[in-house]
Amino acid sequence: MTLIIDTGADPMQGAWGVDLCGTIADAAADAAGPGSTPEQIAIETARLVIARLWIPKKPETVRALLVRLWPLIAPIATTAPDSFDRILTEFAERATEFR
């Protein structure tokens, strides 16, 4: 038997109602600078996502973060494929670190 408590919280937002995908996207655009190409923004986004993957302390939290950031990560596969591969590699390394 499972008890599920619906808090009404949006799973795409953090504990304080912060839209993590939006925050990372804004930071990546700022880091890439004005007039940057979509590829440059995707590379900066990947860099920020990878940095964020190293914050969680449990494998469940790492997986949950990847799922939460997927709407931000998925477009990188076509815009900057090498950066997308780097995200997946870092995720795999981080997830297996706990074993």
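Preceding this paragraph is the structure being described.
Predicted, not measured: the structure shown is a model, and the values here were computed from it.

Draft legend 1. Spotlight on the overall build of the chain. In terms of helices and strands, the chain carries five helices and zero strands. Along its sequence from the N terminus, the chain presents helices and strands in the succession α-α-α-α-α. Taken over 99 residues, the chain has a buried fraction of 31%. Accessible surface, the chain: about 6,600 Å² in total, of which carbon and sulfur atoms supply 60%.

Draft legend 2. Here's a closer look at helix α1 (residues 20–32). In this model α1 runs 18 Å from its N-terminal to its C-terminal C-alpha over 13 residues, within 8% of the 18 Å that 1.5 Å per residue would give. Where α1 is concerned, the buried positions are Leu20, Cys21, Ile24 and Ala28. Viewed end-on, α1 has its buried residues packed into an arc of 100°, placing them on one side of the element. Among the exposed residues of α1, those oriented more than 90 degrees off its buried face are Asp26 and Asp30. Buried-residue contacts for α1 involve α2 (38–53) and α3 (59–73). By the N-cap criterion, in which a side-chain oxygen at the helix start approaches the backbone nitrogen of a residue two or three places on, α1 is capped by Asp19, the distance to Cys21 being 3.4 Å.

Draft legend 3. Region of interest: the nonpolar core. Judged by nonpolar contacts, the single largest core of 20 residues is most densely connected at Val49, Leu69, Ile73, Ile76 and Ile87. Beyond its immediate sequence surroundings of up to four residues, Val49 is in contact with Ile24, Leu69, Leu72, Ile73 and Ile87.

Draft legend 4. Layout of the packing of α3 against helix α5 (residues 81–96). Contact pair α3 / α5: the axes reach a minimum separation of 10 Å and the direction vectors enclose 165°. In this view, α3 runs roughly antiparallel relative to α5, as classed from their interaxial angle. Regarding α3 and α5, the two cross each other, and that crossing is left-handed. Listed contacts from α5 to Pro59, Val62, Arg63, Leu66, Trp70 and Ile73 of α3 are Phe84, Ile87, Leu88, Phe91, Arg94 and Ala95.

Scoring rules and cut-offs
- Residues numbered from 1 in each chain as written.
- Predicted model: local features only at pLDDT ≥ 70, side-chain atom pairs only at ≥ 80, totals over all residues.
- Heavy atoms only, no water.
- Helix = DSSP H or I, 4+ residues; strand = E, 2+ residues; numbered from the N terminus.
- Buried < 20%, exposed > 50% of the residue type's maximum accessible area, 1.4 Å probe, protein only.
- Areas by Shrake-Rupley, 256 points an atom, 1.4 Å probe, with all protein chains shown as cover.
- Expected span 1.5 Å × (residues − 1).
- Arc of directions from axis to C-beta.
- Contact = heavy atoms within 4.5 Å.
- Polar contact = N/O pair within 3.5 Å; in protein donor to acceptor, adjacent residues only side chain to side chain.
- Core = buried A, V, L, I, M, F, W, Y, C linked by side-chain atoms within 4.5 Å.
- Axes fitted to C-alpha atoms, helices over the stretch in contact; angles between N-to-C directions.
- Parallel < 35°, antiparallel > 145°, perpendicular 65-115°, else oblique.
- Left-handed = near helix turned anticlockwise from the far one by under 90°.

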